[in-house]
Amino acid sequence: RTWAGTVLAAQALTASDAATSEAQAKKNVNAAIEVVAERLGNTVAICRKCYVHPAIVESYMQGATVEGLRQANGSTPSAASVRADELAVAAFLKKWRGSSNGNGRTQNLARALRQSLKQVREAPSS
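This section reports on the structure supplied with the text.

Some points on the packing of helix α1 (residues 2-15) against helix α2 (residues 22-40)
Now for step 1: Contact geometry of α1 with α2 gives a least axis separation of 9 Å together with a crossing angle of 135 degrees. One finds that α1 runs oblique with respect to α2. Between α1 and α2 lies a crossing of right-handed hand. In this structure, α1 contributes Ala-4, Gly-5, Leu-8, Ala-9, Ala-12 and Leu-13 to the contact, and α2 contributes Asn-28, Val-29, Ala-32, Val-36, Arg-39 and Leu-40.

Looking at the packing of α2 against helix α3 (residues 44-51)
Now for step 1: The N-to-C vectors of α2 and α3 enclose an angle of 95 degrees; their axes lie 8 Å apart at closest approach. It follows that α2 is roughly perpendicular to α3 by the angle criterion. The residues of α3 that touch α2, namely those facing Val-29, Asn-30, Ile-33, Glu-34, Val-36, Ala-37 and Leu-40, are Val-44, Cys-47, Arg-48 and Tyr-51.
Now for step 2: A per-class count over the contact of α2 with α3 returns eight nonpolar, one polar and two charged.

Describing the pattern of salt bridges
Now for step 1: Taken as a whole, this structure holds one salt bridge when the rule is applied.
Now for step 2: For the salt bridge of Lys-26 with Glu-22, the shortest nitrogen-to-oxygen distance reads 3.6 Å. Taken together, the residues span about one helical turn, with Lys-26 and Glu-22 both in helix α2 at a distance of four residues.
Now for step 3: A residue is classified by how much of its surface remains accessible, and Glu-22, at 54% relative accessible area, is exposed.

Criteria and thresholds
Chains are numbered independently. Their residues run from 1 in the order of the written sequence. Residues qualify for local features only when their pLDDT is at least 70, as the model is predicted, and side-chain atom pairs are given and counted only at 80 or more; totals for whole chains, interfaces and linings, by contrast, use all residues. Hydrogens and waters are ignored; side-chain quantities use all the structure's heavy atoms. Interaxial angle, 0 to 180 degrees, is taken between N-to-C directions of lines fitted to C-alpha atoms, where a helix line uses only the stretch in contact. Numbering of helices and strands runs from the N terminus, with a helix taken as a DSSP run of H or I at least four residues long and a strand as a DSSP run of E at least two residues long. Roughly parallel refers to an angle under 35 degrees, roughly antiparallel to one over 145, roughly perpendicular to one between 65 and 115, and oblique to any angle outside these ranges. By the definition used in this description, the sense in which the near helix is turned from the far one sets the handedness, with an anticlockwise turn below a right angle giving left-handed and a clockwise turn giving right-handed. When checking whether two residues touch, look at their non-hydrogen atoms; a contact exists if any pair is within 4.5 Å. Basically, the charged four are Asp, Glu, Lys and Arg, the nonpolar ten are Ala, Val, Leu, Ile, Met, Phe, Trp, Tyr, Cys and Pro, and anything else, Gly included, counts as polar. By convention in these notes, a salt bridge is any Lys or Arg side-chain nitrogen within 4 Å of a carboxyl oxygen on Asp or Glu. Summary of the burial criterion: residues with accessible area below 20% of their type's maximum are buried, those above 50% are exposed, and those between are partly exposed, where the area comes from a 1.4 Å probe applied to protein chains only.

Now the structure itself:
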């Protein structure tokens, strides 16, 4: 869920219109978190706190989005496009982590993301 929430938020923010003010940026972030909450079947507060990496939100608030994400066109994404989006988010987070101050919260979230990825890789495919 952590990884899915992070990727979904990055996709939603990339697809949103560019914010022209801090207030508009906050509205866009809230809308993105609502998309994540709906897809994951959880509350907005829980999704914001537990399922979306803060780098995605912080970077968007500073005017940056994840480079390399596909533009949503309303169609069902293919496995290849989802994988490409995941790779783009992973590269973004790796770059962000390298520029981070290494505080405990960042390290804990990075550990949670690694664990989430491990579980996805080990899950039987259907």
